[in-house]
Amino acid sequence: MLVNPHTKSSVDQYLDAPFHSLLITGPENSGKSDILGHIVKAITGSDLDVYPYKIVVDGQIDGIDQIRDIKKEFSYKFVSKNSEHIRLVVIYSLNTISRESHNALLKILEEPPASTYIIALSDDYSSLPSTISSRMKHIRTLPVDETTATQYLDSNDVDIDEAKKIWLKSTGLVGKIKDQSLATNDESAELAKKLLTSKIYDRLIMVNDIIKLEKPAQLATIQSIIDILYFKLSRSLDNSEDSKKLIQSIKLSQKSIQLLNDNVNPKLVWLDLSINL
C-alpha cells in the first residue's frame, strides 16, 4: 500500500486496538479508499465489495433515510453462524450529509452496538461537527514524500527522473501518483502556484482573466490550490501559526468550489478568494 509513513503508523495503531468508529480524512485522491480497504480486509478477512455483513452510505447521494435505516438495523442484534463476523458500516463523504443526518448519526455513535464497526471518509475534517469527530478515532491521509513516491514508481518500472516529475505534479497525493492520468493539469497547477505566490494586488488583477476560463478550468485551479496547501500543511507543525493559516486557506478554497458549483457569481467568488487566500 502506497502511504505516508506517519499515516501508516496511525493505521497500524488502530488495527492493534480497533475502535468502534473511525474517521479517515484527506482531500480527494489522497488515498482514503486504499486505507479503508486495507482496514476492512484486516478486521473482516475479506474485501469490502464482497463482505456480506455491511451497510454502505454515500453522503453525496444518500440522506437522512439511509442513516435512519442504519439506526433501525442497529435495533436488531447482529447474529452470525461465525462468531468472528462483524457488522460493518461505511459512510463515504461524511462532510456532505445534512445536519439532520449528523444528529441521527450522533445517536448511533453514542450507543454503538456490539460487534459493529463504523468507518467514515471525509474530504474536509474541519466542516464536521465536533460532536461527531470527537467520538471517532481519526486517521489523516498525509501526502507521501518524494522518496516513498519514487520508490513506488520505480517498482512499477517508471524512470527515476520521470518519477520525480510525477511526484511534484501530484503534490504527494496517492491517487495521482498511482493513476498518472489524475495528475494535476499543468496549466491549472501553474495558475494555482502563481496565485499563491503573488501579492493581493496582483491576484486581484488576475481575477479578470481567470473568470474568462471555463468553469471546469476554474474548479481545477482551486483544486490545485487546495492540493498545494494540503502538501504544505503536511510539512508544517500541527499547532503553528503557519498551520492555522494554511487550514483557513484550505477551508476558504473548499468553500469557493462549493460556491462556484452553486452558480454564485464567479467574479465575487474569485475576488473573495484572492483577498483572503
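Note that the coordinates shown come from a computational prediction; the quantities given were computed from them, not determined experimentally.

S.K.: It is not clear to me how the overall build of the protein chain should be interpreted in this structure. Could you clarify?
M.R.: Helices and strands together make up the secondary structure of the protein chain, namely 13 helices and five strands. Taking 2.2 N^0.38 as the reference for a compact globule, 277 residues should give roughly 19 Å; the C-alpha atoms of the protein chain span a radius of gyration of 20 Å, in line with that estimate. When the backbone C-alpha atoms are referred to their principal axes, the protein chain occupies close to 65 × 45 × 35 Å. Averaging the coordinates of the 33 positive side-chain charges in the protein chain and doing the same for the 37 negative ones gives two points 5 Å apart.

S.K.: Is there a simple way to think about helix H12 (residues 241-261) in this case?
M.R.: Turn by turn, an α-helix covers 3.6 residues, leaving residues three or four places apart pointing in a common direction. Relative to the 30 Å expected for 21 residues at 1.5 Å per residue, H12 spans 31 Å between its end C-alpha atoms, a close match to the ideal helical length. Those residues of H12 lying buried are Ser243, Leu246, Ser249, Ile250, Leu252, Ser253, Gln254, Ser256, Ile257 and Leu260.

S.K.: I tried to follow the pattern of salt bridges on my own but got confused; where do I start?
M.R.: Close approach of charged atoms lets side chains of opposite charge pair. According to the stated counting rule, one finds nine salt bridges in the structure shown. Close ionic contact of aspartate 12 with lysine 8 constitutes a salt bridge, the shortest N to O distance being 3.0 Å. With aspartate 12 and lysine 8 both in helix H1 (residues 5-16) and four residues apart, the pair spans about one turn of that helix. The class of lysine 8 is partly exposed, set by a relative accessible area of 39%. With a shortest N-O distance of 2.6 Å, lysine 176 and aspartate 227 are connected by a salt bridge.

S.K.: What should I look at first to understand the sheet that holds strand E5 (residues 137-140) in this one?
M.R.: Two strands in a sheet stick together by hydrogen bonds in their backbones, pointing the same way (parallel) or opposite ways (antiparallel). The strand order across the open sheet formed by five strands is E2-E3-E4-E1-E5, and the pairing between neighbours is parallel. Across the chains shown, the open sheet's two edge strands, defined by having one partner strand only, are strand E2 (54-58) and E5. When strand polarity is set aside, the average angle formed by the axes of neighbouring strands in this sheet is 15 degrees. Here five bridges tie E2 to strand E3 (residues 87-92), and the two strands are oriented parallel to one another. Among the inter-strand pairings, lysine 54 is bridged to a residue of E3, identified as leucine 88.

S.K.: What am I meant to see in the packing of aromatic side chains here?
M.R.: The description of an aromatic ring pair uses the distance of the two centres, along with the angle that the planes make with each other. For the structure shown, the criterion picks out two aromatic pairs. Judged by centre distance (5.8 Å) and plane angle (75 degrees), the rings of tyrosine 51 and tyrosine 53 are edge-to-face. Assessed through its relative accessible area of 4%, tyrosine 51 is described here as buried. Judged by centre distance (5.6 Å) and plane angle (75 degrees), the rings of tryptophan 167 and phenylalanine 231 are edge-to-face. Separated by 64 residues along the polypeptide, tryptophan 167 in helix H7 (residues 160-170) and phenylalanine 231 in helix H11 (residues 215-233) bring together distant segments of the chain.

S.K.: Honestly, the nonpolar core in this entry has me stumped. Any pointers?
M.R.: Generally speaking, nonpolar side chains in soluble globular proteins are found buried as a group. Counting residues in each nonpolar core, the largest one holds 22 residues, and the members touching the most others are Leu195, Ile210, Ile222, Ile225, Leu260, Trp270 and Leu273. Only helix H9 (186-197), helix H10 (200-210), H11, H12 and helix H13 (266-276) provide two or more residues apiece to this core. For this core, the element with the most residues is H11, which contributes seven residues.

Analysis parameters
Residues numbered from 1 in each chain as written. Predicted model: local features only at pLDDT ≥ 70, side-chain atom pairs only at ≥ 80, totals over all residues. Heavy atoms only, no water. Helix = DSSP H or I, 4+ residues; strand = E, 2+ residues; numbered from the N terminus. Rg over C-alpha atoms; globule rule 2.2 N^0.38 Å. Lys, Arg positive; Asp, Glu negative; His and termini not counted. Charge placed at Lys NZ, Arg CZ, Asp CG, Glu CD. Expected span 1.5 Å × (residues − 1). Buried < 20%, exposed > 50% of the residue type's maximum accessible area, 1.4 Å probe, protein only. Salt bridge = Lys/Arg side-chain N within 4 Å of Asp/Glu carboxyl O. Pairing = 2+ DSSP bridges. Axes fitted to C-alpha atoms, helices over the stretch in contact; angles between N-to-C directions. Phe/Tyr/Trp six-rings, centres within 6.5 Å; stacked < 30°, edge-to-face > 60°. Core = buried A, V, L, I, M, F, W, Y, C linked by side-chain atoms within 4.5 Å.

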